[in-house]
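# Fold and contact review
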Amino acid sequence: MNEPRIEDRYQAIQTRIVDACGLAGRDPAEINLVAVSKKQAPEVIREAAACGISVFGENRVQELEQKAALCPEGLTWHLVGHLQGNKAARAVGLFDAIHSIDSLKLLERVNAAAREAGRTVSVFLQVSVSGESSKFGLAPDEVSPVLEASVKFMNVDIVGLMTMPPHTPDPEGAAPFFASLRELRDRLRAATGFPLQDLSMGMSHDFHVAIAEGANWIRIGTALLGARTT
Ligand SMILES: *Cc1c(COP(=O)(O)O)cnc(C)c1O
């Protein structure tokens, strides 16, 4: 049996996005897709790009450094995985957006690297809403101080918040975590005046739940590109 083509998977996902938006009374045009291509070969990325997908997510600086030259030009790359401070300059050279800022120190380093490179980087603050210590991310009460401290950083644009809920067998189990991130965003918006318009939440198995809870960036890997290979 042949593996489904990316084109077919992409259409199926677009249908599910439209359905989830229909149920939530949202406009599908609000939903942005990051095709998470970590551990996928450049040929897979090429096939996806040929379907009109243009935003790809990677979780390691080094992996994209190795693959980028083998991928089509004109793609937009987002970093979705943990970033070590000492790789900030390399990350700024490769990525237009970073979804995984999990400390003030890291934000400061990304800002300094972006200033050095003469550019601005879009960033999401990653929040661990479950409070699991094993997960990367700021605790909910750490976000406001980071926002306040960030006003002096001119080369990062804090567009919103990101979270990775703990895995639950039933995708609906993620709903309370997604709702917590949205509520935190709403509180911070009212308290700080930062617009925080973007919520990056939802992956292959729970993106429909994330859309119901207000996500406007969904990060989809295997459901779109197939099993990771390398
Ligand atoms: C791998 C990864 C994804 C995509 O996961 P899938 O289950 O393959 O959709 C999304 N976000 C982050 C941060 C990831 O590391």
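Before any of the text, the structure's been laid out above.
Here goes a summary of the coordinates provided. Given the structure is predicted, the values throughout are model-derived calculations rather than measurements.

With that out of the way, let us pick up the pairing of strand β6 (residues 156–162). Buried residues dominate β6, accounting for six of its seven residues. Pairing geometry for strand β5 (residues 121–126) and β6, over six bridges, is parallel. Bridging across to β6, Leu125 finds its partner in Leu161. Of the crossover connections in this fold, the one passing from β6 over helix α7 (residues 175–192) to the parallel strand β7 (residues 198–200) is right-handed.

Attention now moves to the pattern of salt bridges. Counted by the stated rule, this structure contains nine salt bridges. Among the ionic pairs, Glu65 bridges to Arg90, the shortest N-O distance being 2.8 Å. Of this pair, Glu65 sits in helix α3 (residues 61–67) while Arg90 sits in helix α4 (residues 88–94); the two residues are 25 residues apart in sequence, bridging distant segments of the chain. With relative accessibility at 37%, the residue Arg90 sits in the partly exposed group. A salt bridge links Asp96 to Arg119; its shortest N-O distance comes to 3.2 Å. Here Arg119 lies in the loop between α5 (104–116) and β5 and Asp96 lies in the loop between α4 and β4 (97–101), a separation of 23 residues in the sequence. When its relative accessible area of 35% is taken as the criterion, Asp96 is described as partly exposed.

Bringing the site of the ligand into the picture now. Taken together, the residues surrounding the ligand are Val36, Lys38, Val80, Met164, Met203, Ser204, Arg219, Ile220, Gly221, Thr222 and Arg228. Between an oxygen atom of the ligand and a main-chain N or O atom of Thr222, the distance comes to 2.9 Å. For the ligand, the accessible surface in isolation is 390 Å², of which the surrounding protein chains cover 89%. Residue composition of the shell around the ligand, grouped by class: five nonpolar, three polar and three charged.

This brings us to the environment of Pro72. By secondary structure assignment, the location of Pro72 is in the loop between α3 and β3 (76–79). Under the relative-accessibility criterion, Pro72 is labelled partly exposed at 26%. Spatially, the C-alpha atoms of Pro72 and Asn155 are 27 Å apart, while their sequence positions differ by 83 residues. Pro72 has contacts with Ile45, Arg46 and Ala49, leaving out every residue within four places of it along the chain.

With that settled, the discussion passes to the nonpolar core. Core analysis: the largest hydrophobic core is formed by 66 residues, its most contacted members being Val110 and Leu224. Considering every element that reaches this core, the biggest residue donor is helix α1 (residues 6–24), with six residues. Ignoring any residue separated from it by four or fewer positions in sequence, one finds Val110 in contact with Leu83, Ala88, Val92, Ile98, Ile101, Val123 and Val156. Counting eight residues, the second largest nonpolar core, distinct from the first, contains Val36, Val55, Met162 and Trp217.

What counts, and at which threshold
- Residues numbered from 1 in each chain as written.
- Predicted model: local features only at pLDDT ≥ 70, side-chain atom pairs only at ≥ 80, totals over all residues.
- Heavy atoms only, no water.
- Buried < 20%, exposed > 50% of the residue type's maximum accessible area, 1.4 Å probe, protein only.
- Helix = DSSP H or I, 4+ residues; strand = E, 2+ residues; numbered from the N terminus.
- Pairing = 2+ DSSP bridges.
- Right-handed = clockwise from strand over helix to strand, strands pointing away.
- Salt bridge = Lys/Arg side-chain N within 4 Å of Asp/Glu carboxyl O.
- Near = heavy atom within 4 Å.
- Polar contact = N/O pair within 3.5 Å; in protein donor to acceptor, adjacent residues only side chain to side chain.
- Areas by Shrake-Rupley, 256 points an atom, 1.4 Å probe, with all protein chains shown as cover.
- Nonpolar A, V, L, I, M, F, W, Y, C, P; charged D, E, K, R; others polar.
- Contact = heavy atoms within 4.5 Å.
- Core = buried A, V, L, I, M, F, W, Y, C linked by side-chain atoms within 4.5 Å.

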